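This is what each chain is made of:
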Amino acid sequence: MSNLDRSPDVVTCGGRTDTPGEPVLDLLRGKEVTLGASTKVRRLLPTLGRRLVGAWCFIDHYGPDDITGQPGMQVPPHPHIGLQTVSWLLAGSVHHRDSLSSEFTIHPGQLALMTSGRAIAHSEQSPASHPGELHGAQLWVALPDAARHMAPAFEHHADLPVLTDRGLRATVLLGELAGAASPGSVHTPLVGVDLALDAGADVRLPLEPDFEYAVLAPSGVGTVVAGDPGIGSGSGGSGSGGGVAVAGAEVADVPVGVGELLYLGTGRTELRVRAEDTTRLLLLGGEPFDEQLVMWWNFVARSGAEITEAREDWMAGRRFGTVVLGEPQPAPAMPPTPLIPRGRAR
Ligand code: MN
C-alpha cells in the first residue's frame with residue numbers, strides 16, 4: 001500500500017540509543033489516518049512513542065471493512081525506495097502489479113514481499129470480483145545500507161511455515177520462530193509472526209533476547225502476561241515514552257486491543273500470550289536497527305537530498321519504471337523544512 005497521506009510527516013529514526021536494554025511494556029496507541037476518500041487505517045508505526053521495532057518501520061492495520069458492491073482498495077501506481085513492503089491479509093484479496101511486470105492476486109495466509117532496493121513502483125487493487133470483507137496489514141521493513149541500492153524484487157510465498165500448539169496457529173511471515181523459517185528474503189535479523197489464537201489459548205513463544213519486539217492485535221484482545229520467568233520484571237517506562245507505560249513487577253497482564261501496539265523492549269527469552277476470545281495478533285521483532293533513517297511519503301533514505309531526488313525522479317517519470325495500469329500517483333509537496341536526520345529527537 002502507499003502512504004496516501006497528502007502531507008506526510010518527516011520521520012527521522014534509527015540507532016540504538018532509543019532501544020531499551022531490558023524488557024519494557026509500553027502500550028502505544030496508534031493514530032487513525034484517513035487514506036484517500038474514506039478508507040480509515042490505524043497507523044501503529046511510526047507514532048510519537050516509537051518509530052522502529054528492529055527494521056520494521058511502518059505498520060498500517062486496515063479493516064475489517066465491508067466492501068460489498070464497492071471498489072475496495074484502489075491504490076494507484078506509486079514509488080518506493082530503501083524498503084521492503086510486506087502485505088498480509090486476514091480477509092479478502094488484493095491484486096498486485098509492479099514495474100518489474102509482476103502480477104499476483106494475494107490471498108489470506110500468503111506473503112507478498114516486495115523489495116524496492118533502489119527503486120520500484122507498484123499498484124494494489126481489490127480485484128473487480130472480490131470478497132465482501134477486506135482486512136489486513138501493510139508493513140514496511142527498512143533496508144540496511146548494504147542492501148538498499150540492490151535491484152528491486154518481488155516475492156510471492158503461498159506456502160509459509162505454520163506452528164501449532166494448543167489453541168494456537170502461528171504463521172511465520174518473515175524470519176524464524178522455534179526453528180520454522182519463512183522463505184521470504186530479509187536483510188537484517190528480524191521476525192514477523194501471525195498468531196491465530198482460539199478462545200482460552202494460553203501459549204508461550206521463544207524469543208531472541210537480542211531482538212526488540214512488539215505485539216499488535218488485528219482482531220480480538222490478546223493478553224501479554226508479564227512478570228513470568230523469562231519475560232523480565234516488567235519494568236516499563238524507561239523506553240520511548242509517549243505511551244501508557246506499565247511499571248512494576250506486580251503488574252500482571254497487559255491486554256492489547258485493536259489500534260494498540262505493545263512495545264516489549266529487549267532481553268526476553270519467552271513471551272506468554274493468552275486470549276479469552278478468538279484473537280489474531282502480529283508479533284514483530286528484530287535486531288535494533290543501527291543506521292539513521294529519514295522517512296518521507298513512500299521513501300526510506302539517509303538524507304533529505306536523497307528523498308528530494310527520488311521525488312523528482314518519480315514526478316519526471318525516471319528511475320522507477322512503469323506499472324501497466326493506472327495513473328501514477330503524484331507525490332505530495334515537500335515539507336518546507338529541510339529533511340535532516342536528527343537522531344531520535346522528537
Ligand atoms: Mn506501496
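What counts, and where the lines are drawn
- Residues numbered from 1 in each chain as written.
- Predicted model: local features only at pLDDT ≥ 70, side-chain atom pairs only at ≥ 80, totals over all residues.
- Heavy atoms only, no water.
- pLDDT = per-residue confidence, 0-100.
- Contact = heavy atoms within 4.5 Å.
- Helix = DSSP H or I, 4+ residues; strand = E, 2+ residues; numbered from the N terminus.
- Buried < 20%, exposed > 50% of the residue type's maximum accessible area, 1.4 Å probe, protein only.
- Disulfide = S-S within 2.5 Å.

Describing the confidence of the model for the protein chain
Okay, so step 1: Summing up the model confidence of the protein chain, the mean pLDDT is 89 and the portion of residues at 70 or higher is 89%.
Okay, so step 2: Taken together, the stretch residues 228-250 has pLDDT below 50 and engages in 59 contacts with residues farther than four places along the chain or on a different chain.

Details of unusual backbone geometry
Okay, so step 1: The amide bond that connects Leu45 to the next residue, Pro46, takes the cis arrangement and shows omega of -5 degrees.
Okay, so step 2: Structurally, Pro46 can be placed in the loop between β4 (39-45) and β5 (56-66).
Okay, so step 3: Phi angles above zero are rare outside glycine, and Trp297 is one such case at about 50 degrees.
Okay, so step 4: Tracing the backbone through its elements, the reader meets Trp297 in the loop between β27 (293-296) and β28 (299-301).
Okay, so step 5: You can call Trp297 buried: its relative accessible area is 3%.
Okay, so step 6: One non-glycine residue, Arg319, adopts positive backbone phi at about 70 degrees.
Okay, so step 7: Assignment of secondary structure puts Arg319 in the segment after α1 (304-315).

Examining the state of the cysteines
Okay, so step 1: All told, the structure shown has zero disulfides when counted by the stated rule.
Okay, so step 2: The cysteine Cys13 is free of any disulfide, with Cys57 supplying the nearest cysteine sulfur at 6.9 Å.
Okay, so step 3: Residue classification places Cys13 among the buried residues on the basis of a relative accessible area of 2%.

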